[in-house]
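# Results of the structural survey
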Amino acid sequence: MPAVAFASQTMSKETLAIEREEDIVQVRKRARALAQARGFDAFACAALTTAASELARNVWVHGGGGEATLEELSDGTRFGIRLVFRDHGPGIADLERALRGGYSTARSLGLGLSGARRLVEDFEVDTRSGEGTCVTITKWTRF
Ligand SMILES: Nc1ncnc2c1ncn2[C@@H]1O[C@H](COP(=O)(O)OP(=O)(O)OP(=O)(O)O)[C@@H](O)[C@H]1O
Ligand SMILES: [Mg+2]
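Parameters at a glance
Residues numbered from 1 in each chain as written. Chains lettered and ligands numbered in written order. Predicted model: local features only at pLDDT ≥ 70, side-chain atom pairs only at ≥ 80, totals over all residues. Pairing = 2+ DSSP bridges. Helix = DSSP H or I, 4+ residues; strand = E, 2+ residues; numbered from the N terminus. Near = placed C-beta within 6 Å. Nonpolar A, V, L, I, M, F, W, Y, C, P; charged D, E, K, R; others polar. Core = buried A, V, L, I, M, F, W, Y, C linked by C-beta atoms within 7 Å. Buried ≥ 20, exposed ≤ 12 C-beta atoms within 10 Å, placed from the backbone. Contact = placed C-beta atoms within 7 Å. Axes fitted to C-alpha atoms, helices over the stretch in contact; angles between N-to-C directions. Parallel < 35°, antiparallel > 145°, perpendicular 65-115°, else oblique. Left-handed = near helix turned anticlockwise from the far one by under 90°.

Where strand β3 (residues 78-87) lies against strand β5 (residues 132-142), 10 bridges are found, and the strand directions are antiparallel. Pairing of Asp87 across the sheet is with Thr133, part of β5. Two elements, strand β4 (residues 122-128) and β5, share seven bridges in a ladder whose sense is antiparallel. Following the sheet pairing, Glu124 is matched in β5 by Thr136.

Below you can see the structure in the form of structure tokens.
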């Protein structure tokens with residue numbers, strides 16, 4: 001059967017600034033609240049919350065701050081929460097390596113980006129040297 005692409009419909013959208021370290025907690029809390037309100041199970045809630053926290057932290061630590069957009073959407077059969085993390089930092093120098101995991105330019109574990117990728121269904125990175133990084137993730141649930 002050929003895959004059928006349904007147009008996704010946005011139901012709500014909000015943007016949170018990541019300008020202070022405390023903002024990471026706000027993004028995490030808001031992502032969890034959206035997932036709980038939409039009936040995601042405990043595992044999916046934890047997955048989205050953890051991914052949100054790691055990506056918001058990357059915006060703060062590596063990107064020098066930025067913003068997170070949280071969007072509720074539906075594709076007709078599924079309900080989704082899409083999170084977009086944007087910064088105007090240096091960009092990810094070696095994306096392939098960063099996605100493999102265990103690589104960090106901050107002497108950390110280097111597991112945030114690769115971990116976030118495994119926790120969601122859709123994961124996209126757009127990064128440009130000297131311009132910044134945009135990471136988009138979506139977690140889906142059945143109605
Ligand atoms: N928004 C970003 N801007 C620039 N570089 C980034 C960004 N996000 C990730 N990186 C690069 O990718 C590497 C891997 O990211 P990842 O989150 O996996 O590890 P980390 O942040 O270094 O450590 P941690 O395990 O604590 O998250 C980072 O060390 C950094 O070099
Ligand atoms: Mg990280």
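Take the site of ligand 1 next. Around ligand 1, 24 residues are found, and the nearest of them are Ala98, Ser104, Thr105, Ser108 and Gly112. Every element with two or more residues in the shell around ligand 1 is listed here: α2 (42-61) and α4 (112-119). Sort the elements by how many residues they give to the shell around ligand 1 and α2 lands first, with four residues. Counted by class, the shell around ligand 1 contains 10 nonpolar, 12 polar and two charged residues.

Here we come to the nonpolar core. Ranked by size, the top nonpolar core spans 28 residues in total, and within it Ala35, Leu48, Ala51, Ala52, Leu55 and Ala56 carry the most contacts. Elements with a contribution of two residues or more to this core: α1 (22-37), α2, β3, α4 and β5. Top contributing element to this core by residue count: α2, with 10 residues. Setting aside its immediate chain neighbours within four residues, Ala52 contacts Val27, Arg28, Ala31 and Leu83.

Another point: the packing of α2 against α4. Look at α2 against α4: their axes get within 9 Å of each other, and the N-to-C directions meet at 150°. When the interaxial angle is binned, α2 and α4 end up roughly antiparallel. α2 and α4 meet at a crossing whose hand is left-handed. Along the contact surface, α2 presents Ala47, Thr50, Ala51, Glu54, Leu55, Arg57 and Asn58, while α4 presents Gly112, Leu113, Gly115, Ala116 and Leu119. Grouping the amino acids of the contact of α2 with α4 by side-chain chemistry returns six nonpolar, four polar and two charged.

Another point: the sheet that holds strand β1 (residues 9-18). With antiparallel pairing, five strands are arranged side by side in an open sheet as β1-β2-β3-β5-β4. Each edge of the open sheet carries a strand with a single partner, namely β1 and β4. Adjacent strand axes in the sheet meet at a mean angle of 10°, parallel and antiparallel pairs treated alike.

Our next topic: unusual backbone geometry. Unusually for a residue other than glycine, Arg107 sits at a positive phi of about 55°. Turning to its location among the elements, Arg107 is positioned in the loop between α3 (95-100) and α4. Here Arg107 falls in the exposed class, since 6 other C-beta atoms lie within 10 Å of it.

On to the environment of Thr141. Looking at the element boundaries, Thr141 is found in strand β5. Note on Thr141: 17 C-beta atoms within 10 Å, which makes it partly exposed. With near-sequence residues (within four places) excluded, Thr141 lies in contact with Arg38, Gly39, Phe40, Ala44, Arg78 and Phe79.

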